Amino acid sequence: MATETSGGPVTDRLTERLADPWQARLDRLRRLVPLPMLAVSTAAALAVPSSTAPGWARFELGLPLALAAAVGWTIASVRLRGDASTRWRLPVFAAHTAIAGVLVWVNGLYGVFAYIGFLFAYGLGARWRTAGFAATALIVSAAMSGGYPSSDAGKALTYVVVAGVLLALVLTTSSITNRAVDQNQERGRMIDDLAEANRRLAASMAENAELHDRLVVQARQAGITEERRRLAGEIHDTLAQGLTGIIAQLEAAEHTRQRPSESARHIGQARTLARSSLTEARRSVRALRPEQLQDATLPAALSVLAETWSLQSGVAADVHTTGEQVSAGPDAEAAIFRAAQESLSNVAKHARASKVRLTLTYLDDVVLLDVVDDGIGFAVGLAPARNPHGFGLIGMRERLTRVGGTLTVESTPGSGTSVNAVVPVAGSTDGGRR
């Protein structure tokens with residue numbers, strides 16, 4: 001079975017019915033009521049003689065005209081049934097009015113048929129509706145007053161009075177009807193606007209849902225990338241540095257095999273580094289703070305770090321703290337501590353320094369760490385692949401950036417190196433901009 005899905009008369013009628021149920025009801029009455037009313041009027045006219053027209057008109061004019069109207073209306077109703085447009089309504093109304101006017105002249109009982117002209121006039125639109133109501137009222141007035149005006153003054157006066165009263169009522173009703181129709185059309189436009197707004201809203205919601213899905217995917221990918229960077233930094237700061245220290249201690253132990261006490265000391269330090277590196281690796285996997293910061297403040301943790309590093313590297317390191325100590329937050333303090341670790345590791349591996357100074361400064365909105373050594377320095381502008389400090393500096397900078405901090409490195413060959421790390425204090429709105 002075929003189904004009409006778009007366009008065509010069926011869809012148009014359905015749309016009109018849904019948009020204006022009252023109009024659809026009137027259209028149905030216009031198709032169904034005329035023939036029964038014409039049949040009733042004709043039967044009554046044949047049964048009751050009329051005094052308003054010659055006797056011959058009763059059969060020679062009235063009955064043929066009624067039959068012609070019935071045939072014509074049957075054809076017209078079939079045409080209207082398949083077309084919901086308004087272009088046929090004015091010709092149909094004009095034909096009905098002409099036939100009804102003649103039939104009322106033949107017999108006033110045809111006023112029953114003439115009365116349905118109001119139904120057709122209602123569908124003419126604002127331009128012709130009032131005129132249609134008035135024309136129908138004049139014909140119905142003739143049926144009510146006993147005929148159209150003639151030489152009989154009393155009869156003419158009766159028609160004028162009835163027509164005047166009926167016209168007044170009809171015109172008042174027409175004004176109210178026109179206003180109601182306008183309001184109904186305005187409501188229809190509002191409904192159309194709301195439907196369009198709902199359609200656009202649905203499209204926007206669908207677009208937003210698609211965008212949300214994309215953002216979720218992007219956020220997931222960003223989270224994966226961020227976690228990889230974090231793990232890379234943690235591996236570099238813990239396992240890589242720990243293994244480097246272990247290798248250095250084991251090599252030192254091998255070189256001092258002839259001195260058992262000193263060799264044992266290096267082996268013990270290697271063992272301590274291995275255990276510490278294992279602990280840090282486990283904590284890194286769980287994304288916890290550095291072990292040194294668990295039960296100590298940042299200045300105390302840096303002092304222990306510098307002391308342990310000096311024992312392992314043989315390079316003097318001291319720590320100075322200035323300013324009123326405040327908490328910068330767990331992540332910021334961890335970033336500062338890792339920056340100190342990486343800086344000291346670079347000094348041990350590359351600087352050939354004799355001393356290192358770590359300065360921790362607390363200001364109102366930021367915490368600064370300066371690591372300065374008297375080593376051989378390096379060219380800061382070299383690419384990471386040619387710069388021995390390059391990848392470690394990249395890791396420090398990324399870690400500090402994640403907490404809103406910055407990293408500055410100053411060095412020239414033969415003049416030592418200065419590393420400056422800045423992080424905002426927790427709750428600060430302009431940290432890291434100094």
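Here is a short report on the structure shown in this document. (Residues numbered from 1 in each chain as written. Predicted model: local features only at pLDDT ≥ 70, side-chain atom pairs only at ≥ 80, totals over all residues. Heavy atoms only, no water.)

**A word on the overall build of the chain**
If you tally the helices and strands in the chain, you get 13 helices and 5 strands. Expressed as a percentage of its 434 residues, the buried residues of the chain come to 36%. In the form shown here, the chain has an accessible surface area of approximately 24400 Å², with 61% of it arising from carbon and sulfur atoms. (Helix = DSSP H or I, 4+ residues; strand = E, 2+ residues; numbered from the N terminus. Buried < 20%, exposed > 50% of the residue type's maximum accessible area, 1.4 Å probe, protein only. Areas by Shrake-Rupley, 256 points an atom, 1.4 Å probe, with all protein chains shown as cover.)

**As for the packing of helix α11 (residues 298-313) against helix α12 (residues 330-351)**
For the pair α11 and α12, the least separation of the axes is 11 Å and the interaxial angle reads 15 degrees. In terms of orientation, α11 and α12 fall into the roughly parallel class. Remark: the crossing between α11 and α12 carries right-handed chirality. In this structure, α11 uses Leu298, Ala301, Leu302, Leu305, Ala306, Trp309 and Ser313 to contact α12, whose residues at the interface are Glu333, Ile336, Phe337, Ala340, Gln341, Leu344, Ser345, Val347 and Ala348. Grouping the constituent residues of the contact of α11 with α12 by class yields 12 nonpolar, 3 polar and 1 charged. (Axes fitted to C-alpha atoms, helices over the stretch in contact; angles between N-to-C directions. Parallel < 35°, antiparallel > 145°, perpendicular 65-115°, else oblique. Left-handed = near helix turned anticlockwise from the far one by under 90°. Contact = heavy atoms within 4.5 Å. Nonpolar A, V, L, I, M, F, W, Y, C, P; charged D, E, K, R; others polar.)

**So, a nonpolar patch on the surface**
A contiguous nonpolar surface patch, about 390 Å² in accessible area, is contributed by Leu157, Val161, Val165 and Leu169. Among the secondary structure elements, Leu157 is positioned in helix α9 (residues 153-255). Taking relative accessible area as the criterion, Leu157 reaches 55% and is therefore assigned exposed. (Patch = residues over 30% accessible without salt bridge, like charges linked within 9 Å, V, L, I, M, F, W, Y side chains within 5 Å. Salt bridge = Lys/Arg side-chain N within 4 Å of Asp/Glu carboxyl O.)

**Quick word on the nonpolar core**
Of all hydrophobic cores here, the largest spans 35 residues; its most connected members are Leu298, Leu302, Val356, Leu360 and Leu369. Of all the secondary-structure elements, those providing two or more residues to this core are α11, α12, β2 (355-362), β3 (366-373), α13 (390-402), β4 (406-411) and β5 (417-424). Element by element, the count of residues in this core is highest for α12, at 9 residues. Sequence-distant contacts of Leu369, defined by excluding residues within four places in its chain, comprise Leu302, Ile336, Ala340, Thr359, Leu360, Val419, Asn420 and Ala421. Residues Phe118, Phe120, Tyr159 and Ala163 belong to the second largest nonpolar core, which totals 26 residues. (Core = buried A, V, L, I, M, F, W, Y, C linked by side-chain atoms within 4.5 Å.)

**Here's the deal with the environment of Leu400**
Within the fold, Leu400 resides in helix α13. When the C-alpha atoms of Leu400 and Ala421 are compared, they prove to be 7.7 Å apart, with 21 residues separating the residues in sequence.

**Let's talk about the sheet that holds β5**
Strand order in this open sheet of 5 strands is β1-β2-β3-β5-β4, and the pairing throughout is mixed. Only two strands of the sheet have a single partner each, and these edge strands are β1 (316-322) and β4. Taking each pair of neighbouring strands and ignoring which way they run, the sheet shows an average axis angle of 10 degrees. Here β1 runs beside β2; their pairing, made up of 7 bridges, is parallel. When the bridges of β2 are listed, Thr322 appears paired with Thr361. Contacts from α11 reach β1, β2 and β3, with the element oriented near 170 degrees to β1. (Pairing = 2+ DSSP bridges.)

**As for the packing of aromatic side chains**
Any two aromatic rings considered together are summarised by their centre-to-centre distance and by the angle between their planes. Overall, the coordinates contain 3 aromatic pairs when judged by the stated rule. Look at Tyr115 and Phe118: their rings are 5.1 Å apart centre to centre, the planes differ by 70 degrees, and that puts the pair in the edge-to-face class. Centre to centre, the rings of Tyr148 and Tyr159 are 6.5 Å apart; their planes meet at 55 degrees, and the pair counts as tilted. Taken as a pair, Tyr148 in the loop between α8 (129-145) and α9 and Tyr159 in helix α9 lie far apart in primary sequence, 11 residues in all. Linked through ring pairs, Tyr115, Phe118 and Phe133 together constitute an aromatic cluster. (Phe/Tyr/Trp six-rings, centres within 6.5 Å; stacked < 30°, edge-to-face > 60°.)

**Some thoughts on helix α5 (residues 89-106)**
The end-to-end C-alpha distance of α5, which contains 18 residues, comes to 26 Å, matching closely the 26 Å that a straight helix rising 1.5 Å per residue would cover. Of the residues making up α5, those classed as buried are Arg89, Val92, Phe93, His96, Thr97, Ala100, Gly101, Leu103, Val104 and Val106. (Expected span 1.5 Å × (residues − 1).)

**Quick look at the side chain of Ser141**
By the secondary structure assignment, Ser141 is in helix α8. Separated by 2.6 Å, the side chain of Ser141 and the backbone oxygen of Ala137 make a polar contact. Those residues in contact with Ser141 that lie beyond four places of it in its chain are Tyr159, Val162, Ala163 and Leu166. (Polar contact = N/O pair within 3.5 Å; in protein donor to acceptor, adjacent residues only side chain to side chain.)

**A closer look at the packing of α5 against α8**
Two elements in contact, α5 and α8, have axes whose closest approach is 9 Å; the angle formed by their N-to-C orientations is 15 degrees. When the axis of α5 is compared with that of α8, the two are roughly parallel. Remark: the crossing between α5 and α8 carries left-handed chirality. For the pair α5 and α8, contact is made by Phe93, Thr97, Ala100, Gly101 and Val104 and by Gly132, Ala135, Thr136, Ile139, Ala142 and Ala143, respectively. Residues of the contact of α5 with α8, tallied by class, amount to 7 nonpolar, 4 polar and no charged.

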